[in-house]
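Secondary and tertiary structure notes
Here is how the chains run, residue by residue.
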Amino acid sequence: FGETQFILAGILMDEGKPDGALDAIRRALPILEQNLGPNASRVEDATCILGDVYAQLKRYASAESPLRRCADMRADDGGITTPEFGEVAFNLAVVFQRLGNLGDSEKYFTLAEHIREQVLGISSPVFADTLEAHAALLRQMGREDDAKKNERMAASIRALNKKK
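Below you will find a few notes about this structure. Keep in mind that what you see is a predicted model, and the values were worked out from it rather than measured. (Residues numbered from 1 in each chain as written. Predicted model: local features only at pLDDT ≥ 70, side-chain atom pairs only at ≥ 80, totals over all residues. Heavy atoms only, no water.)

1. Quick look at a nonpolar patch on the surface
This is how it is decided: The patches reported here contain residues having more than 30% relative accessible area and no salt bridge. Joining distances are 9 Å for like charges and 5 Å for nonpolar side chains (Val, Leu, Ile, Met, Phe, Trp, Tyr). Residue burial considers only the protein chains on display, and all accessible areas are found by Shrake-Rupley using a 1.4 Å probe. For this analysis, a salt bridge means a side-chain nitrogen from Lys or Arg found within 4 Å of a carboxyl oxygen belonging to Asp or Glu. Where helices and strands are cited, they refer to DSSP runs of H or I of at least four residues and of E of at least two residues respectively, numbered from the N terminus.
A cluster of nonpolar side chains, namely V119, L120 and V126, defines an oily patch on the protein surface of about 200 Å² accessible area. Mapped onto the elements, V126 comes out in helix α7 (residues 125-140).

2. Some words on the state of the cysteines
Selection rule: Pairs of cysteine sulfur atoms within 2.5 Å are what we label disulfides. Remark: exposure states derive from per-residue accessible area (1.4 Å probe, protein chains only) relative to the maximum for the residue type, with buried under 20%, exposed over 50%, and partly exposed in between.
Counted under the stated rule, the structure contains one disulfide. The disulfide partner of C48 is C70, and the gap between their sulfur atoms is 1.8 Å. Across the S-S bond of C48 and C70 the torsion is about 90 degrees, and the bridge reads as right-handed. You can see C48 sitting in helix α3 (residues 41-56) and its partner C70 sitting in helix α4 (residues 60-78), a full 22 residues away along the chain. Classification of C48 by relative accessible area gives buried; the value is 4%.

3. Structural notes on α3
Filter applied, for reference: By this rule, a helix spans an expected 1.5 Å times one less than how many residues it contains. Contact definition: two residues touch when any of their heavy atoms are within 4.5 Å.
For α3, built from 16 residues, the straight-helix expectation of 22 Å at 1.5 Å per residue is met to within 8% by its first-to-last C-alpha distance of 22 Å. What α3 keeps buried is the set V43, E44, A46, T47, C48, I49, L50, G51, V53, Y54 and A55. On the buried face of α3, the contacting elements are α1 (2-14), α2 (18-36), α4 and α5 (83-99). Phi turns positive one or two residues past the end of α3, at K58, with a value near 65 degrees.

4. Topic: a negative patch on the surface
Applicable threshold: Positive charges are assigned to Lys and Arg, negative charges to Asp and Glu, while His and the chain termini are left out of the count. Note on charges: their place is set at NZ of Lys, CZ of Arg, CG of Asp or CD of Glu.
Together, D72, D76, D77 and E84 line one region of the surface with negative charge. The element best represented in the negative patch is α4, accounting for three residues.

5. Notes on the side chain of N91
Within the fold, N91 resides in helix α5. Judged by its relative accessible area of 14%, N91 is buried. With residues up to four places along the chain from it excluded, the contact list for N91 reads D52 and L67.

This is a description of form; function is not addressed.
Next comes the structure, spelled out in structure tokens:
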């Protein structure tokens, strides 16, 4: 049942139905933890999905705890230089920004930028997205020059990808 609910949550997320996905993943997670153990790969994935669903629903305070746990599990599993960790670092940055915790948000945006640049490459559109999101935070923090630098770099990446 836990595996079925996990799969259902993924399908509902893909179909843009986060409310249904939230119900399914909240049912799946305790069953997966009980059957597989708290550190199983599937539990890690379910924990990350739970945080992502809460964030998509703009329930940022609820997203923080599962995303922190996801980050810890992903760091233990593959280190902090994997694409998976880069994804959770980005998601945590957004959550912290929305919660007004700008210092932690900046830390995680910087980490996500570094990981995505190293793993995906300097010309990656995902890296450009990260630069733009970080620029919005920097502007919010009153760091206009840094924000403009990120925006220029993102624009260069987008222009390079248009030529391809």
